[in-house]
Amino acid sequence: MVEKIDELTEEESAKIARDFLKKHNVADTEIDGIVEIIGAKGMTYEPKTKLGGILRDVDSAHISSKNYEDYTSLLK
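**Student:** How do you make sense of helix H2 (residues 28-39) when you look at a structure like this?
**Tutor:** In an α-helix there are 3.6 residues to a turn, and that puts residues three or four apart on one side. Its 12 residues give H2 an end-to-end C-alpha distance of 16 Å, which sits within 8% of 16 Å, the value for a rise of 1.5 Å per residue. Among all positions of H2, only Ile31, Val35, Glu36 and Gly39 are buried. Buried residues of H2, seen end-on, are gathered within an arc of 140° and therefore sit on one face of the element.

This is the structure in C-alpha cells:
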C-alpha cells in the first residue's frame, strides 16, 4: 500500500474504495458510481456518464484559466 494518501493514483483509490464498499455490502451500482467519480480525476479519463463528464470538465477547467500559473504555484 502507498505510504501517503496524496500519492495514490485514481486507479489505486478506486480499488481501495471498491474493496471497502464491497466489505460493507454496498450495492454494485452504487460502487460503480463512486468509482466513476474517483476516476474523473484522472488525466486520461473518458467519461461514461453525464456526471463523470461534468466532473472531468470541472477538474480540468483551471487549465484554460488566465490564472493557471497562480493555481499551479499553489500545488505541493
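**Student:** Before we go on, may I ask you to explain helix H1 (residues 10-23) in this structure?
**Tutor:** Compared with the 20 Å implied by 1.5 Å per residue over 14 residues, the 20 Å span of H1 between its first and last C-alpha is a close match. Of the positions making up H1, those classed as buried are Ala14, Ala17 and Leu21. Buried residues of H1, seen end-on, are gathered within an arc of 65° and therefore sit on one face of the element. In H1, the exposed positions that point more than 90 degrees away from the buried face belong to Glu11, Lys15 and Lys23. Of the surrounding secondary structure, the elements contacted by the buried residues of H1 are H2. In the segment just after H1, asparagine 25 is the residue with positive phi, at about 60°.

**Student:** Looking at this model, I keep getting lost on the packing of H1 against H2. Mind explaining?
**Tutor:** A packed helix pair is summarised by two numbers, namely the angle formed by the two axes and the spacing between the axes. Closest axis-to-axis distance for the H1/H2 pair is 9 Å, and the angle between their directions is 160°. It follows from the interaxial angle that H1 and H2 lie roughly antiparallel. Relative to H2, the crossing made by H1 is right-handed. Contact residues: Glu10, Ser13, Ala14, Ala17, Arg18, Leu21 and Lys22 in H1; Asp28, Ile31, Asp32, Ile34, Val35, Ile38 and Gly39 in H2. Taken together, the residues of the contact of H1 with H2 break down into seven nonpolar, two polar and five charged.

Parameters and conventions
- Residues numbered from 1 in each chain as written.
- Predicted model: local features only at pLDDT ≥ 70, side-chain atom pairs only at ≥ 80, totals over all residues.
- Heavy atoms only, no water.
- Helix = DSSP H or I, 4+ residues; strand = E, 2+ residues; numbered from the N terminus.
- Expected span 1.5 Å × (residues − 1).
- Buried < 20%, exposed > 50% of the residue type's maximum accessible area, 1.4 Å probe, protein only.
- Arc of directions from axis to C-beta.
- Contact = heavy atoms within 4.5 Å.
- Axes fitted to C-alpha atoms, helices over the stretch in contact; angles between N-to-C directions.
- Parallel < 35°, antiparallel > 145°, perpendicular 65-115°, else oblique.
- Left-handed = near helix turned anticlockwise from the far one by under 90°.
- Nonpolar A, V, L, I, M, F, W, Y, C, P; charged D, E, K, R; others polar.

These results come straight from atomic positions and should not be treated as a statement about function.
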